[in-house]
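Here is how the chains run, residue by residue.
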Amino acid sequence: MKAYVLRRLWQSALTLVGVSLLVFVILRVLPGDPAKMLLPEGAPQSAVDELNRHLGLHEPLHVQYGLFVKSVFRGDFGQSFQYRAPALRVVVERLGATVQLALAAMLITVLIGVSLGIVAAVRRGTRYDYASTVLAVLGQSLPNFWLGIMLILLFGVALRWLPTSGFESWRHLILPAVTLAAFPMALVARLTRSSMLEILGRDFIRTGRAKGLAERAVILRHALRNAAVPLLTVLGLQIGTLLGGAVITESVFAWPGMGKLVVDAIFFRDFPVVQTVLILSATIFVVINLLVDLLYTVIDPRIRYS
Amino acid sequence: MSLAGSDDTSRAGRLSPIALVGAALLVIVALASVLAPLLVSSDPLKPSFSRRLAPPWGLGGTPAHVLGTDNLGRDILARLLHGGRTSLALAATSVALAAAVGIVVGLVAGSGGERIDAVLMRAADVQLAFPVIMLAIAIVAVVGTSPAALVGVLALSGWVLYARTVRASVLTIRRLEYVEAAYTLGASDLRIIGRHILPNTLGPILVIGSSQFATMVLLESGLSFLGMGIQAPQPSWGLMLAEGRDYLSNAWWLATIPGLAISLVVLGANLLGDGLRDLLDPRGSGA
């Protein structure tokens, strides 16, 4: 088990190095003249020279990369010129709103997705199964920006039940969270259905039923628990979907999180903020998936020894 | 994974009816887009301010503009079909490029020794660590929104799946007896790849490609929706949706119609992908 943990730690560290390398290539190598890009338009030559010196842009690329990594480790992601503050602080201030939205969406994903999947598997071939499958297929096919706009049209414009933009109360959270959850929820529903179907056919389930366990206990305690491991993997990977989906969902609903921030930053050409959001979200993804993998060893002892 | 009720093995060997519906949806939209100049006479780019925001035919509009007109008086059907050409062509090109890159990477990783395998698989991890759309908008912001850049960005987001699949089957197939026999008989690596490995991975690649076409259409229209894909005044589904957003209260069809088009294509590609997967793996596993 120790070897497994160490190997996963090492892999995650390597992935983060790769992340920094890719961000470096996109924002420092691709543009040709990064100083121009990292400064507001019309910045005086003295500022360009100063930044060139600060970033070491006259040095060879590998030295530049070294300086880049060093400053990232110091938490120095550059200055946002849109907000005139350190980029890291600007991004971290918006992280809370995104986490709130992502957690709400994750809750919907798990509660509704898993329930739909269980119902579909247990009532296989009935209209419940059919309805849940149709819902899942739709959830994976409707673009979330369109779904968001249609929800605004229905609940905001036509029925006037819910607010359609802003961040003031929990009622503002409903439409964006549903929009963001649609895709992962559909995925989880389908995955739960297929793994439940597989597990419900196994011998230990038949044994459980034969010894007179209540159907509820068979499904929830024995079958669902065994379906949990593949589910957990997918949920971990869905962090990426949620962070990416937040870019569009937050833009549709004017939700003041990291996703809307990065879109605005790109239009203002505020690249220090773009760079911070990229590194931060990739790091969140890597860390959460590392934790998920380590969590397995607790849930499923078989993994410790493989 | 299969659709409810369609995963009986008795139907193995044929695409399920639902998958055929998916394929038909794709073909219809693709044909309508390709034939756009023949099907609609209106210019998708030419504004006509006297005919702004006309509703679709049957909802108070005229047959001259079956789906109505937009905020600049442009015919929505014409913009939809011409936009479809761009969206579908971009998505198809990106899928092909992603598959080509992914297959090569997978072959190299699977047969090129442990060290190169480790490097390539870590590169795949790095790629997956970024939310696709974030990476895409950052790159597009730096290199611009030319069609070539968009295809590159989309393909960059898609190669990993192919690489992992091809790599896994290279590792399995290489150990099979008949492949070892072929090696012993002096077959070259290229021959083994061409005769044994590629034909065996073709199925999974088709499944991935079909589902990925859906993802690419979503991604391209998402980028255009955010203003970082196809640029105005060129028609594109995502852009039309974004433009229609400001007219939700008085002209709901502006945002509704392009979204329906995207959904139909994505639905079609997903159904087809599911059907192909069931066909190749009738036990209905995987998700």
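**Looking at the overall build of chain B**
Alright, step 1. In terms of helices and strands, chain B carries ten helices and zero strands.
Alright, step 2. Across chain B, helices and strands are ordered from the amino to the carboxyl terminus as α-α-α-α-α-α-α-α-α-α.
Alright, step 3. When the 287 residues of chain B are sorted by exposure, 51% land in the buried category.
Alright, step 4. For chain B, contacts bridging at least 24 residues in sequence account for 72% of all contacts bridging at least 6.

**Describing the overall build of chain A**
Alright, step 1. In terms of helices and strands, chain A carries 13 helices and two strands.
Alright, step 2. Within the span of chain A, comprising 306 residues, buried residues form 41% of the whole.
Alright, step 3. A fraction of 70% describes how many contacts in chain A between residues 6 or more apart in sequence connect residues 24 or more apart.

**A look at the interface of chain A and chain B**
Alright, step 1. With 46 residues of chain A at the contact, the number on the chain B side is 40 residues.
Alright, step 2. Only helix H1 (2–29), helix H6 (127–141), helix H7 (144–158), helix H8 (170–200), helix H10 (215–253), helix H11 (258–267) and helix H12 (271–299) of chain A provide two or more residues apiece to the side of chain A that touches chain B.

**Quick look at unusual backbone geometry**
Residue and element names in this part refer to chain A.
Alright, step 1. Non-glycine residue Arg 84 carries a positive phi angle of around 50°.
Alright, step 2. Its identity as a non-glycine residue notwithstanding, Ala 254 has a phi of 50°, on the positive side.
Alright, step 3. Mapped onto the fold, Ala 254 is located in the loop between H10 and H11.
Alright, step 4. Exposure remark for Ala 254: the 13 C-beta atoms within 10 Å place this residue in the partly exposed category.

**Things to note about the confidence of the model for chain B**
All names here are of chain B.
Alright, step 1. Across chain B, pLDDT averages 84, with 93% of residues at or above 70.
Alright, step 2. Note on residues 1–11: pLDDT under 50 across the span, and 27 contacts to partners over four residues away in sequence or across chains.
Alright, step 3. Overall fold confidence (pTM) sits at 0.86, and the ipTM for the predicted complex is 0.84.

**Concerning the environment of Glu 93 of chain A**
Residues and elements named next belong to chain A.
Alright, step 1. Relative to the elements of secondary structure, Glu 93 occurs in helix H5 (residues 87–122).
Alright, step 2. On the basis of neighbour count, Glu 93 is assigned to the partly exposed category, with 14 C-beta atoms found within 10 Å.
Alright, step 3. Taking the C-alpha atoms as reference, Glu 93 lies 31 Å from Gln 140; in sequence the two are 47 residues apart.

**Things to note about the environment of Gly 203 of chain B**
Residue and element names in this part refer to chain B.
Alright, step 1. Mapped onto the secondary structure, Gly 203 falls in helix H8 (residues 189–225).
Alright, step 2. Residue class for Gly 203 comes out partly exposed when judged on the 16 C-beta atoms lying within 10 Å of it.
Alright, step 3. In this structure the C-alpha to C-alpha distance between Gly 203 and Val 266, which are 63 residues apart in sequence, comes to 20 Å.

**Quick word on the nonpolar core**
Alright, step 1. With 163 residues, the main nonpolar core has Val 262 and Val 274 of chain A together with Met 134, Ala 136, Ile 137, Ala 138 and Tyr 162 of chain B as its most contacted residues.
Alright, step 2. Of the residues forming this core, the biggest block, 17 residues, is contributed by H8 of chain A.
Alright, step 3. When near neighbours in sequence (up to four residues on either side) are disregarded, Ala 136 of chain B contacts Val 153, Ser 157, Leu 219 and Leu 223 of chain B.

**A look at helix H4 (residues 114–129) of chain B**
Alright, step 1. Across its 16 residues, H4 of chain B extends 22 Å between first and last C-alpha, which sits within 8% of the 22 Å expected from 1.5 Å per residue.
Alright, step 2. Within H4 of chain B the residues assigned to the buried category are Ala 124, Val 126, Gln 127, Leu 128 and Ala 129 of chain B.
Alright, step 3. Buried positions along H4 of chain B lie against H1 and H12 of chain A together with helix H6 (147–174) of chain B.

**Some points on the confidence of the model for chain A**
Alright, step 1. On average, chain A scores 86 in pLDDT, and the residues at 70 or more come to 97%.
Alright, step 2. The element-level mean pLDDT for chain A is lowest in helix H13 (residues 302–305) of chain A, coming to 60, with H5 of chain A highest at 93.

**Some words on helix H7 (residues 177–184) of chain B**
Alright, step 1. With zero of eight residues buried, H7 of chain B lies mostly on the surface of the structure.
Alright, step 2. Positive phi shows up at Gly 186 of chain B, right after H7 of chain B, with a value of about 95°.

**Focus: the packing of H1 of chain A against H4 of chain B**
Alright, step 1. Where H1 of chain A contacts H4 of chain B, the axes come no closer than 9 Å and their chain directions differ by 65°. By the angle class used here, H1 of chain A and H4 of chain B are roughly perpendicular. In this structure, H1 of chain A crosses over H4 of chain B, and the sense of that crossing is right-handed. From H1 of chain A, Leu 14, Thr 15, Gly 18, Val 19 and Leu 22 of chain A reach across to H4 of chain B, where they touch Arg 122, Ala 123, Asp 125, Val 126 and Ala 129 of chain B.
Alright, step 2. Class assignment of the residues belonging to the contact of H1 of chain A with H4 of chain B gives a composition of six nonpolar, two polar and two charged.

**Digging into the environment of Ala 232 of chain B**
Alright, step 1. With respect to the element layout, Ala 232 of chain B can be found in the loop between H8 and helix H9 (237–244).
Alright, step 2. In this structure the C-alpha to C-alpha distance between Ala 232 of chain B and Ile 192 of chain B, which are 40 residues apart in sequence, comes to 49 Å.

**Thoughts on the packing of H1 of chain A against H12 of chain A**
Residue and element names in this part refer to chain A.
Alright, step 1. Direction vectors running N to C along H1 and H12 enclose 165°, while the axes themselves pass 10 Å from each other. In this view, H1 runs roughly antiparallel relative to H12, as classed from their interaxial angle. Crossing angle aside, the handedness with which H1 passes H12 is right-handed. Facing Tyr 4, Val 5, Arg 8, Ser 12, Thr 15, Leu 16, Val 19, Ser 20, Val 23 and Leu 27 of H1, the residues of H12 in contact are Phe 271, Gln 275, Leu 278, Ile 279, Ala 282, Thr 283, Val 286, Leu 290, Asp 293, Leu 294 and Thr 297.
Alright, step 2. In terms of residue class, the contact of H1 with H12 is built from 13 nonpolar, six polar and two charged.

Cut-offs and rules
- Residues numbered from 1 in each chain as written.
- Chains lettered and ligands numbered in written order.
- Predicted model: local features only at pLDDT ≥ 70, side-chain atom pairs only at ≥ 80, totals over all residues.
- Helix = DSSP H or I, 4+ residues; strand = E, 2+ residues; numbered from the N terminus.
- Buried ≥ 20, exposed ≤ 12 C-beta atoms within 10 Å, placed from the backbone.
- Contact = placed C-beta atoms within 7 Å.
- pLDDT = per-residue confidence, 0-100.
- Core = buried A, V, L, I, M, F, W, Y, C linked by C-beta atoms within 7 Å.
- Expected span 1.5 Å × (residues − 1).
- Axes fitted to C-alpha atoms, helices over the stretch in contact; angles between N-to-C directions.
- Parallel < 35°, antiparallel > 145°, perpendicular 65-115°, else oblique.
- Left-handed = near helix turned anticlockwise from the far one by under 90°.
- Nonpolar A, V, L, I, M, F, W, Y, C, P; charged D, E, K, R; others polar.

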